[in-house]
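Geometric and topological summary
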Amino acid sequence: MCSNYVNVIGIMSGTSLDGVDLCLVSFEKSNFKKYKITHAKTFNYDNVWIKKLKKAIFLNKEELIKLDNDFGELLTYYIKKFKEEFSISQIDLISSHGHTIFHNPKKKITLQIGNGYIINKNTKLKVICDFRTQDIKYNGQGAPLVPIGDLDLFSNYKFCLNLGGFSNISIKELDGIKAFDISPVNTVLNYYSKKLGLDYDKNGKFSREGNVNNSLFNELNEMEFYKRSGPKSLGIEFVNSKVLPLIENYMLKPEDVLKTYIEHVSHQINRTISNFSKNKILVTGGGTYNKTLIDSIKRKIKHELVVPEKKLIDFKEAMIFAYMGLLKSEGKINCLKSVTGAIKDHSSGKIFKN
């Protein structure tokens, strides 16, 4: 590839367990804001790894260390397969988010597995990972992290909305950007899709057939998290300890849960942006393919919802982690206090190199 570019592999594994996203991004050396996603692929987890990751929250320290190492080996395998499939010859940096096991900023806890030392040792390439720990040490939420990319790479959008395991939003303002998690999304929708024998509700087919339970809808919206202003972030702990037990109290059909929960998600999104004047929203993430969810959001909001090309829908987060790793490699700020609530802007991530 042209020497005027720096080539970075970005890696992201979401909480919805749909797989590991890898993308190769070529950034112009003279201006990192000019880039191209040259190759991208999602590697789906097999059933063994899905079970491991689901049970990880219950492991002890020694077991977590082993899982961290094993996941580093798995990411190495995916990286090598990715290189082979697309005949990639030049990689300058690997930037990996890893997979989140714990995230509880109140207790100063966050853990993303995927040992960077192992990836570096196996690939002989510079690796940057563990982007959240330093921010929590600086009294931040350690999330969301992608707003630096939203600010620099998608400046023509007032709002950037991600619909993944959780929904999060970046909102650009005159003095910079603010961002926060809005609500769980696919972590809940996929859980109830599995009760129908599905990994997910393709195109929102079954949620479309359900009916809204107004009592559940109202009770979901009254949860304490939604009364707090940002910076704020969510982890799977919130889903397991708060959301699922609340829903289970109602003993509804899965279709009715799906429909009710989608109305809840779209309500919270609208509530978040209803006070802003009409503008454009870039929407990405796996939830973008849920037509029932997208239709529900469109009905509620006054803003223009922009759904981009498939590659950006699927790989925006992996691409931004490539960007974050590049910034860290150059010693530049990649984590914003206006977003996470940390005591200062900083350059976050751990570097492993030969």
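Before reading on, note that the structure itself is shown above.
Residues numbered from 1 in each chain as written. Predicted model: local features only at pLDDT ≥ 70, side-chain atom pairs only at ≥ 80, totals over all residues. Heavy atoms only, no water.

**Focus on the sheet that holds strand β9 (residues 176-184)**
Read from one edge of the open sheet, five strands run β9-β8-β7-β10-β11, paired in mixed fashion. In the strand order of this sheet, the two ends are held by β9 and β11 (304-306), each with one partner. The sheet shows a mean angle of 20 degrees between the axes of neighbouring strands, taken without regard to direction. As paired strands, strand β10 (residues 280-284) and β11 are joined by three bridges and run parallel to one another. Across the sheet, residue Leu 282 finds its bridge partner in β11, namely Val 306. (Pairing = 2+ DSSP bridges. Helix = DSSP H or I, 4+ residues; strand = E, 2+ residues; numbered from the N terminus. Axes fitted to C-alpha atoms, helices over the stretch in contact; angles between N-to-C directions.)

**Points about the environment of Ile 333**
Relative to the assigned elements, Ile 333 resides in the loop between α12 (310-329) and α13 (337-340). Among the residues examined, Ile 333 registers a relative accessible area of 41% and is labelled partly exposed. Considering only alpha carbons, one finds Ile 333 and Ser 348, 15 residues apart in sequence, at a separation of 7.5 Å. Setting aside residues no more than four positions away along its own chain, Ile 333 makes contact with Ile 148, Leu 327, Asp 345, His 346 and Ser 347. (Buried < 20%, exposed > 50% of the residue type's maximum accessible area, 1.4 Å probe, protein only. Contact = heavy atoms within 4.5 Å.)

**Comments concerning the packing of helix α8 (residues 214-221) against helix α9 (residues 236-248)**
Running from amino to carboxyl end, α8 crosses α9 at an angle of 160 degrees, the nearest separation of the two axes being 10 Å. One finds that α8 runs roughly antiparallel with respect to α9. Read as a crossing pair, α8 and α9 show a hand that is right-handed. Here Leu 216, Glu 219 and Leu 220 of α8 lie close against α9, whose contacting residues are Val 243, Leu 246 and Ile 247. (Parallel < 35°, antiparallel > 145°, perpendicular 65-115°, else oblique. Left-handed = near helix turned anticlockwise from the far one by under 90°.)

**Let's talk about the layout of surface pockets**
Using a probe with the size of a water molecule, rolled over the atoms, empty space left in the structure can be pinpointed. In this model, the second largest pocket occupies a volume close to 440 Å³. Here the residues of the lining of the second largest pocket are counted per class, giving five nonpolar, six polar and five charged. (1 Å grid on protein atoms, 1.4 Å probe; cavity = no way out; pocket = protein on both sides within 12 Å on 5 of 7 lines; lining within 4 Å. Points joined across faces, edges and corners; volume = space filled by probe spheres on them. Nonpolar A, V, L, I, M, F, W, Y, C, P; charged D, E, K, R; others polar.)

**A few points about the packing of aromatic side chains**
For the coordinates displayed, the defined rule picks out 12 aromatic pairs. Between Tyr 45 and Phe 71, the ring centres sit 6.3 Å apart and the planes meet at 40 degrees, which makes this aromatic pair tilted. In this pair, Tyr 45 sits in the loop between β3 (31-43) and α1 (47-55) while Phe 71 sits in helix α2 (residues 61-85), placing the two residues 26 residues apart along the sequence. Across the pair, Phe 71 and Tyr 45 agree in class, each one buried. Between Tyr 77 and Tyr 78, the aromatic rings sit 5.9 Å apart at their centres with planes inclined by 50 degrees, giving tilted as the arrangement. Linked through ring pairs, Phe 27, Tyr 35 and Tyr 323 together constitute an aromatic cluster. The ring of Tyr 157 has Lys 280 sitting right over it, with the charged end atom 4.9 Å from the ring centre. (Phe/Tyr/Trp six-rings, centres within 6.5 Å; stacked < 30°, edge-to-face > 60°. Lys NZ or Arg CZ within 6 Å of the ring centre and 35° of its normal.)

**As for the pairing of strand β5 (residues 109-113)**
Of the pairings in the sheet, the one linking strand β4 (residues 93-104) to β5 comprises five bridges and is antiparallel in character. Bridge pairing in β5 links Phe 102 to Leu 111. Where β4 hands over to β5, the hairpin turn is made up of four residues, of which Lys 108 adopts a positive phi near 60 degrees.

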